[in-house]
Amino acid sequence: MSSAAELSARYAPDLKGFGASLPDELVLGLDGLEGRYDEAQLEQWVQAGIALANHSLRSWEAASEYFRVSPGIAERMTFDQLQHWVELSTELAGESSLMAAAFIKATPSALEQISVADLDAWSAQGGRLCRGNWKSIALSGLYFQHSPRLLGSLSLDAVDRLVDIIDQLTERSYELANSVLEGAGEIFENLAEGDREPFLSFARAVTRASWADTRLYFERGPKLLDGVDDRQRAAFLELASKVTMDVGRQGFPLFADAAASLTQIEHEDHKEMLAFAAAIAPASSTASMEYLKSAPFVRSRLTPEQMERWAEAGVELLNMGNAEGAEAYFRLESTRSEDMLSALSARVELPSVSTMLRMYAKALSGEQVAVLSSEELVDRNIGWMSESAPTTEGTTIYLPPFVNTFPEQASNFQVYKVFTTHQTGRMEFGSFLYRFDMDGFHTTSSAGEREARQAADAQQTTVPVADVTEDAAGTTESAGTSTEVQRYFNLFNDRLLISGLFTIAEDTRVDAYVSREYGGIRPWLARLQERESERRPEVRAMGLRQAFVENLLRASLGRPDTIRWPQTLQGTMGQALAALKVVEQRDATVQDAAEVATVLYDLAVRIPNIPQEAIDIDWVPPDEEMIQIAPDMPGGGDGGDAPMPSSSEEMAFENPEQPDFRGDFKPELVQLMMKLKDQQAGQQDGTASPLTKEQLMELLENSVEITISEWAEGDLASSLGMFLDNLEKDAGTPAGEPKEKDGESGEERGGGDGADDEELKAEVDWFYYDEWDFRASDYRPRWCRVGERLGDEGELDYYQEILEKHHGLVMETRRQFELMRPESFRKIKRLEDGQEIELDDAIEFHVDKRAGVGPLARIYSRRNKVERDVAVAFLLDMSASTDEEIEKQRQKYEEEEEDFQGDPSKYFQWLAQRRARQAIEPPKRIIDLEKESTVLVVEALEAIGDSYGIYGFSGYGRDNVEFHVIKDLEEQFSDKVRKRIDKIDPVRSTRMGPAIRHATQKLQDYDAKVKILIMVSDGRPQDHGYGRDRTEKEYAVHDTKQALNEAKRVGVTPFLITVDKEGHDYLKDMCDDIGYEVVDNIESLPRRLPTLYRHLAAD
Amino acid sequence: MTTIEHSPGFNQIAVEDFRITEEPFYLPIGDEVELFLAAYEQKVPVLLKGPTGVGKTRFIEYMSWRLHQNIGEPSEEGVPLITVACHEDLTASDLVGRYLLEGDDTRWIDGPITRATKVGAICYLDEVVEARKDTTVLIHPLTDYRRLLPIDKRGELLEAADGFILVMSYNPGYQSALKDLKHSTRQRFMAIEFGYPGRDQEAEIISKESGATHEIAMELAKLAEKVRNLKEHGLGEGVSTRLLVYAGKLIHQGITPRRACQVAVVWALTDDLEVQRSIEEVVTSIFEE
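Definitions and cut-offs
Residues numbered from 1 in each chain as written. Chains lettered and ligands numbered in written order. Predicted model: local features only at pLDDT ≥ 70, side-chain atom pairs only at ≥ 80, totals over all residues. Heavy atoms only, no water. Helix = DSSP H or I, 4+ residues; strand = E, 2+ residues; numbered from the N terminus. Buried < 20%, exposed > 50% of the residue type's maximum accessible area, 1.4 Å probe, protein only. Areas by Shrake-Rupley, 256 points an atom, 1.4 Å probe, with all protein chains shown as cover. Contact = heavy atoms within 4.5 Å. Buried area = accessible area lost by both parts, 1.4 Å probe. Salt bridge = Lys/Arg side-chain N within 4 Å of Asp/Glu carboxyl O. Polar contact = N/O pair within 3.5 Å; in protein donor to acceptor, adjacent residues only side chain to side chain. Pairing = 2+ DSSP bridges. Axes fitted to C-alpha atoms, helices over the stretch in contact; angles between N-to-C directions. Expected span 1.5 Å × (residues − 1). Arc of directions from axis to C-beta. Parallel < 35°, antiparallel > 145°, perpendicular 65-115°, else oblique. Left-handed = near helix turned anticlockwise from the far one by under 90°. Nonpolar A, V, L, I, M, F, W, Y, C, P; charged D, E, K, R; others polar. Disulfide = S-S within 2.5 Å. Phe/Tyr/Trp six-rings, centres within 6.5 Å; stacked < 30°, edge-to-face > 60°. Lys NZ or Arg CZ within 6 Å of the ring centre and 35° of its normal. pLDDT = per-residue confidence, 0-100. Core = buried A, V, L, I, M, F, W, Y, C linked by side-chain atoms within 4.5 Å. Patch = residues over 30% accessible without salt bridge, like charges linked within 9 Å, V, L, I, M, F, W, Y side chains within 5 Å. Lys, Arg positive; Asp, Glu negative; His and termini not counted. Charge placed at Lys NZ, Arg CZ, Asp CG, Glu CD.

Considerations on the overall build of chain B
Here is step 1 of the chain: A tally of regular secondary structure across chain B gives 12 helices and 11 strands.
Here is step 2 of the chain: Among the 289 residues that make up chain B, the fraction classed as buried is 48%.
Here is step 3 of the chain: Put simply, chain B shows about 14000 Å² of open surface, and 49% of that area lies on carbon and sulfur atoms.

Here's what the structure looks like:
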């Protein structure tokens, strides 16, 4: 018998108690090992296995694996090594047989990656994870299971470090540790070799900083890295590690954001950017990551060189030691950063030039035009234009939000100018003043005849057309149309075509005017025309008719030489060009343009829109004669052409793409809006009938100017209805004018426009203000949005009640203030007695006396109190804290006066009394006191005659600072104001900075010698996002302080009154040399406020 | 003209002797010339209303020369023109006259109104609203049919000589509510309103006054029209013709048009940077260089 068989026979019985397979495994194992070891060794091996099986309750599984695996690995080991391995296994089994089993089972695959000598280390790693509890055992088992795969990508050392990480994770969550371990293999396999170590290092850093992010990192990390250039990944990960070790918890989010940003940038640039980021990281890790985060945005605005310069400015901040400032800079949340960006960028943003362009447009056109971004028109869903094309409807000019046509900023600004000038040109030169059948300067109108002919033709087909009647003025009126242009367009079957031709003709006319009248802008107009003509689409790819129209457009750009047209049809083209030249002449009017469009239509309509392939003629440029052709209206006839080619396959016709410097032209719509406006203004245009809704609908359905493309699925009618409402709303409130306070009566507000629709009554004006970030020592640009609105009106009774309640105080205050009122305004001269002697008068007196003339000596002058020219703005804190009852406030600070001497009955008595009191009079809140003080102050100010404004502020967050106008500076005191005082109610938070800035702005806009800003509050400034977190106080205090100083700098004297007993704490900081007062007893506020004012306004 | 002193460098003339001997260039915008001639004949006092730089003073100079043409009378050298620039501290003595010390004696010296009344001159009170109301009222008797000037200190009444006419100028858009003409004063005068001329007329004026070419003058007039559309933006009344003439003069001297407009129009009109920029953009749109 072989030793194997003999041994198995001998020992098998020992194994019988364990799982059934064990003896078989033994046999198999022995078989496998037979040739390799001698008998003694074999016996040792078997005994080891049995010992293992007997070791603990479940260790037979380990033994099973042992028997099964040994033959395989024996090939790689000496017997001694095998022994050693057995010892390792046994050690592990001492902790957990499950673990041992896993270890044994995984050994073969492990040995493919590591050497036998490493087995110790490997087993130790797994062993480390085992802590005794079953979760850790499972983990270590998992480890052994997965580690061979890991070892395929990582060195043993690296795996060791991974185990560290996993070990750390176990302190928080086994589930996390497991998932990381499970996923790790695949992750590392997919990473490039050079990236694995860095990935691991970063993982360590992340785990240390924020263990929860580890999962995210392992889940998303590799994907995020995909966006980074492969050669730079390692560097990026290294940077991320350093940053994370520096900043801690923010590390992973910063990494994720930076990676996302890098994805948006060209890979070639990653190297430089990462190098830069790495360079500044030692000074400020956050700054370096913010830099990467902002990079795509900056890159969209600047060229690489420009970006370098922008970045350098940020580095300077770091060099000066201002890390916070640099962080804000790279985060693009500092004014400095934005200024630098706009200075360097060639791109011109509309907001930076819109005020100036508005004045420019106003000067050129003589109309009160506003300048808005074309995004607004798209938002408003009037649905008529593409986002980047300029346009106008007669009262507002819409321009694209930015211009980036040329590489220089100055040139891009000129582009804006050309856009604007073309739009004002339309206004100045009457593009929207078309009148049906009116003659032009160079042409006579054929519209009337055409209409008559059309009517006659229609009658013959027995379809009655709308009556044509003559009104008193003798002009024909068509009852079915609503605007002049519509009537004109109705003359033509192909509306699309006539609309396109009219646009070309009219634009040519306006271009010619602009060129003539404004020599300064002529070169730029020419440049844009040139540029446009170089970008035109290929004529030969279009249908014939479309090519015809396209060629006309090219002629209108001043480049007739770019025309391409079939040889045999040159006559038609010649006629068309001659016609177009008519509108380029001096004194041409829009009527001429219409007439020219008419003849062009007649020419075009004869041309079929067939593809080039169907025509077998050469396409040639025009000859010199045709380019120089004189303006002339065609006399009819075909101009000597060959007959038109024909084919059955006609293409769909589209108007050529409108050059962007001319923008969209929608005369129908504009006239419609003008008419609606007139109607709403109550004027009736004598020659046209008022618009009915049906007419409007018809107009919209027929008009090609409106592309109602992206409407919600569903009926067109309701979409049109919505559109109409928008149109009417828009017509009723011309841009730039303040809206009526009450919503328009009767009309439904269609299509929610966000903020407008919230409250129909209150109109909110929005203003933007910067906020001071004291850490960065810079402003956050346009950070806060202040919504100014009129306060709600309540009842008149409240005001009266307060007057009656404080009757005595009111009378006293009034008297005090009346005494302050000056009797006259100036220096009074020629008095018999006074403060000063007027020298001129004294001399004159003296001389007169000498001459023998003897009037009384009136040589004195006196100065009365300096002319009172005071304007004061009261800012009341309307935050939720003012809702607090005064009782409660008092309880915080005062002890119970009563001492009940331990007698409960006395206490109950007191409590009952108090409850009774409260039942009669509801507990006063702080806001109530503020209101009462307001009433008193108002009475005082009316007595003295100073100008004053009363405002309340509150809000939530920086986007919604509420500014309530109770009485504006210019406003007269009236019942309305009294009612508004009633309705002052607590709202939410206290963001003082923007409220102060807005009130300061109001005072600045007002004319007065002395300007005062008095703020009444009940606590410190605090608000959502007003500081790093809700508990941080310094940020808000600093910003408020800055706002107060800004007020001082422009000549406004601020003063703070607070009822917060802890006021001194922060007011000391906030108000360096600005006056403030902490009112001890809140109830004395009504008395105190007027007195304070008196002192303030006296100097 | 009796010249008090004549040196190579300057002429010093007594105020009541100042006459215009050469025809000043004035382009009538409406019928103001006829109106003034009629008023003069009828001895009706005249109030000239209008913004600054629009030609009021030039008009009066022209009329004083023109009246000379119509009067073949004693003083063949035209009607004298006496101008008083009014201000807040103007007193009655300033207008009527006062005693001065001369050694140990006193001497009475006539004020401008008194002189004008004596010689029968055009007495032109410029920016009359600036003066205090108690000063203004002393001219009331001169506006009556009596045409008397009381000289209180001397206890005299002065009857105006033939040919005397009282003219005032007044800028309605400029004053605050406090400084306005009292109705008792206003209603003693007939008013001629002056406004900016139309483009063609303005171009002619510019061209004539400055020596600039007609084309340049037309462009300057165009510029003025556009800038006047911006009235509300702190520009007060808009650009005066005078400034345009300055610009024209500079251009005539060889300064580039854009630069000339910058100094003569933009910077003179406003200090607000935004407004300046906007006007400059209009300038660059109109002028090529």
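The rest of the description comes next.
A look at the interface of chain A and chain B
Here is step 1 of the chain: The partner chain B presents 32 residues to the 27 residues of chain A that form the contact.
Here is step 2 of the chain: Both faces considered, chain A and chain B share a buried interface measuring about 2700 Å² in area, 52% of it formed by carbon and sulfur atoms.
Here is step 3 of the chain: Among the residues chain A hides against chain B, the three largest losses belong to Met-356, Met-359 and Arg-850 of chain A. Together they make up 20% of the total.
Here is step 4 of the chain: Applying the counting rule to chain A against chain B returns eight salt bridges.
Here is step 5 of the chain: Seen at the junction of chain A and chain B, the total is 20 residue pairs in polar contact (both at pLDDT 80 or more).

Remarks on the sheet that holds strand β2 (residues 370-373) of chain A
Residue and element names in this part refer to chain A.
Here is step 1 of the chain: As summarised here, the arrangement of the three strands in space is β2-β4-β3, forming an open sheet in which the pairing is mixed. Single-partner strands in this sheet number two, and they are β2 and β3 (391-392).
Here is step 2 of the chain: By the bridge criterion, four bridges tie β2 to strand β4 (residues 396-399) in an arrangement that is parallel. When the bridges of β4 are listed, Leu-372 appears paired with Tyr-398.
Here is step 3 of the chain: Across the sheet, helix α20 (residues 350-365) is in contact with β2 and β4; its angle to β2 comes to roughly 150°.

Here's the deal with helix α41 (residues 975-982) of chain A
Here is step 1 of the chain: Turning to α41 of chain A, its buried residues number three or more, namely Val-977, Arg-980, Ile-981 and Asp-982 of chain A.
Here is step 2 of the chain: On its buried face, α41 of chain A sits against β11 (778-790), α35 (796-805), α40 (926-944) and β17 (961-967) of chain A.

Quick word on helix α2 (residues 21-33) of chain A
Every α-helix carries 3.6 residues per turn, so stepping three or four residues along brings you back to the same face.
Residue and element names in this part refer to chain A.
Here is step 1 of the chain: Taking 1.5 Å of rise per residue, the 13 residues of α2 would be expected to cover 18 Å, and the 18 Å separating its terminal C-alpha atoms lies within 8% of that figure.
Here is step 2 of the chain: Those residues of α2 lying buried are Leu-22, Pro-23, Glu-25, Leu-26, Gly-29, Leu-30 and Leu-33. Looking straight down α2, one finds that the buried residues subtend no more than 155° of arc, so they occupy a single side.

Let's talk about the sheet that holds strand β3 (residues 46-49) of chain B
All names here are of chain B.
Here is step 1 of the chain: Spatially, five strands are ordered β4-β7-β10-β3-β11 in an open sheet, and the strand pairing comes out parallel. Looking at which strands have only one partner, the edges of the open sheet turn out to be β4 (81-85) and β11 (190-193). Adjacent strand axes in the sheet meet at a mean angle of 20° when their direction is disregarded.
Here is step 2 of the chain: Bridge count between β3 and β11: four bridges; the pairing is parallel. Counted as the bridge partner of Lys-49 is Glu-193 from β11.
Here is step 3 of the chain: Across the sheet, helix α1 (residues 32-42) is in contact with β3, β10 (165-170) and β11; its angle to β11 comes to roughly 165°.
Here is step 4 of the chain: Along the sheet, helix α4 (residues 112-119) makes contact with β4 and β7 (122-126), crossing β4 at roughly 160°.

Quick notes on the packing of helix α17 (residues 304-319) of chain A against helix α19 (residues 335-344) of chain A
When two helices pack together, their arrangement is captured by the angle between the axes and the distance separating the axes.
Residue and element names in this part refer to chain A.
Here is step 1 of the chain: At a minimum axis distance of 10 Å, the contact between α17 and α19 shows a crossing angle of 155°. Taken together, the axes of α17 and α19 lie roughly antiparallel to each other. Of the two possible hands of crossing, α17 and α19 adopt the one that is right-handed. Contact residues: α17 offers Gln-306, Arg-309, Trp-310, Ala-313 and Leu-317, while α19 offers Arg-336, Ser-337, Met-340, Leu-341 and Leu-344.

Describing the packing of α35 of chain A against α41 of chain A
Residue and element names in this part refer to chain A.
Here is step 1 of the chain: Taken N-terminus to C-terminus, the directions of α35 and α41 make an angle of 80°; their axes are 7 Å apart at the nearest point. Here α35 is positioned roughly perpendicular relative to α41, judged by the angle of their axes. Residues Leu-796, Tyr-798 and Tyr-799 of α35 form the contact with α41, whose own contacting residues are Asp-975, Arg-978, Lys-979, Ile-981 and Asp-982.
Here is step 2 of the chain: Each residue belonging to the contact of α35 with α41 can be placed in one class, and the counts come to four nonpolar, no polar and four charged.

Overview of the state of the cysteines
Here is step 1 of the chain: Inspection of the entire model under this criterion finds zero disulfides over all chains.
Here is step 2 of the chain: No disulfide involves Cys-86 of chain B; its sulfur sits 8.7 Å from that of Cys-123 of chain B, the nearest cysteine.

Observations concerning the packing of aromatic side chains
Here is step 1 of the chain: Applying the stated criterion to the full structure yields 48 aromatic pairs over all chains.
Here is step 2 of the chain: Between Tyr-26 of chain B and Phe-59 of chain B the ring centres are 5.4 Å apart and the planes differ by 55°, which places this aromatic pair in the tilted class. A residue pair is termed long-range when its members are at least 10 positions apart, and Tyr-26 of chain B in the loop between β2 (11-13) and α1 and Phe-59 of chain B in helix α2 (residues 56-70) qualify at 33 residues. Note on accessibility: Tyr-26 of chain B and Phe-59 of chain B belong to one class, buried.
Here is step 3 of the chain: In this structure an aromatic cluster arises from ring pairing among Phe-188, Phe-199, Phe-202, Tyr-217, Phe-218, Phe-236, Phe-252 and Phe-255 of chain A.
Here is step 4 of the chain: Of note, Lys-967 of chain A hangs over the ring of Tyr-948 of chain A, and the distance from its end group to the ring centre comes to 4.1 Å.
Here is step 5 of the chain: Over the aromatic face of Phe-413 of chain A sits the side chain of Arg-277 of chain B, whose NZ or CZ is 4.9 Å from the ring centroid.

Some details on the confidence of the model for chain A
Residue and element names in this part refer to chain A.
Here is step 1 of the chain: Looking at chain A as a whole, the pLDDT averages 79, with 82% of positions reaching at least 70.
Here is step 2 of the chain: Contacts of residues 683-689 to residues separated by more than four positions or lying in other chains number 12 contacts, the stretch itself having pLDDT below 50.
Here is step 3 of the chain: The low-confidence segment residues 893-898, where pLDDT is below 50, has five contacts with residues more than four positions distant or belonging to other chains.

As for the side chain of Arg-554 of chain A
Residue and element names in this part refer to chain A.
Here is step 1 of the chain: Relative to the helices and strands, Arg-554 is located in helix α27 (residues 544-556).
Here is step 2 of the chain: For Arg-554, a relative accessible area of 9% translates into the label buried.
Here is step 3 of the chain: One polar contact links the side chain of Arg-554 to the main-chain carbonyl oxygen of Pro-537, over a distance of 2.7 Å.
Here is step 4 of the chain: Beyond its immediate sequence surroundings of up to four residues, Arg-554 is in contact with Arg-536, Pro-537, Glu-538, Val-539, Arg-559, Pro-560, Thr-562 and Ile-563.

As for the pairing of strand β5 (residues 97-102) of chain B
Here is step 1 of the chain: With six bridges connecting them, β5 of chain B and strand β6 (residues 105-110) of chain B associate as antiparallel partners. The residue bridging Glu-102 of chain B from the neighbouring strand is Asp-105 of chain B, located in β6 of chain B.

Some thoughts on the pattern of salt bridges
Residue and element names in this part refer to chain A.
Here is step 1 of the chain: Per the counting criterion, the structure on display carries 61 salt bridges over all chains.
Here is step 2 of the chain: A salt bridge links Glu-290 to Lys-293; its shortest N-O distance comes to 3.8 Å. Of this pair, Glu-290 and Lys-293 both sit in helix α16 (residues 285-301), three residues apart, roughly one helical turn.
Here is step 3 of the chain: Overall, the relative accessible area of 31% leaves Lys-293 in the partly exposed class.
Here is step 4 of the chain: Where Glu-788 meets Lys-1002, a salt bridge forms, and the shortest distance between an N and an O atom there is 3.2 Å. Remark: Lys-1002 occurs in helix α42 (residues 992-1005) and Glu-788 occurs in strand β11; sequence separation between them is 214 residues.

Things to note about the environment of Asp-797 of chain A
Here is step 1 of the chain: By the element assignment, Asp-797 of chain A lies in helix α35.
Here is step 2 of the chain: Distance in space between the C-alpha atoms of Asp-797 of chain A and Arg-978 of chain A is 8.8 Å, their sequence separation being 181 residues.

A closer look at the nonpolar core
Here is step 1 of the chain: If you look at the biggest cluster of nonpolar residues, it comprises 117 residues, and the most contacted ones within it are Trp-85, Phe-236, Phe-255, Leu-292 and Trp-310 of chain A.
Here is step 2 of the chain: In terms of residue count, the dominant contributor to this core is helix α6 (residues 97-113) of chain A (nine residues).
Here is step 3 of the chain: For Phe-236 of chain A, the contacting residues outside a window of four places in its chain are Leu-225, Val-228, Phe-255, Ala-258, Ala-259, Leu-262, Leu-274, Met-289 and Leu-292 of chain A.
Here is step 4 of the chain: By size, the runner-up hydrophobic cluster in this structure holds 61 residues, among which are Tyr-360, Ala-363 and Leu-399 of chain A together with Ala-217 of chain B.

A closer look at the confidence of the model for chain B
Here is step 1 of the chain: Taken over all residues, the pLDDT of chain B has a mean of 84, while the share at 70 or more is 89%.
Here is step 2 of the chain: For this predicted complex, the interface confidence score (ipTM) comes to 0.82, while the overall pTM stands at 0.66.

Re unusual backbone geometry
Here is step 1 of the chain: In this structure, Asp-437 of chain A takes a positive phi of about 60° despite not being glycine.
Here is step 2 of the chain: Within the secondary structure layout, Asp-437 of chain A lies in the loop between α22 (409-428) and α23 (447-460).
Here is step 3 of the chain: Residue classification places Asp-437 of chain A among the partly exposed positions, given a relative accessible area of 33%.
Here is step 4 of the chain: Positive phi values are uncommon outside glycine, yet Arg-147 of chain B reaches one of about 50°.
Here is step 5 of the chain: With respect to the element layout, Arg-147 of chain B can be found in the loop between α6 (140-143) and β8 (148-151).

Things to note about a negative patch on the surface
Residues and elements named next belong to chain A.
Here is step 1 of the chain: Residues Glu-272, Glu-305, Glu-308, Glu-312 and Glu-316 make up a contiguous surface patch of negative charge.
Here is step 2 of the chain: Ranked by residues supplied to the negative patch, first place goes to α17 with four residues.
Here is step 3 of the chain: Position of Glu-308 among the secondary structure elements: in helix α17.
Here is step 4 of the chain: Since its relative accessible area comes to 46%, Glu-308 is described here as partly exposed.

Topic: the environment of Val-549 of chain A
All names here are of chain A.
Here is step 1 of the chain: Structurally, Val-549 can be placed in helix α27.
Here is step 2 of the chain: For Val-549 and Tyr-601, which are 52 residues apart along the polypeptide, the C-alpha to C-alpha distance reads 9.7 Å.
Here is step 3 of the chain: When neighbours within four sequence positions are excluded, Val-549 is seen to be in contact with Leu-497, Leu-501, Ile-504, Phe-653 and Pro-656.

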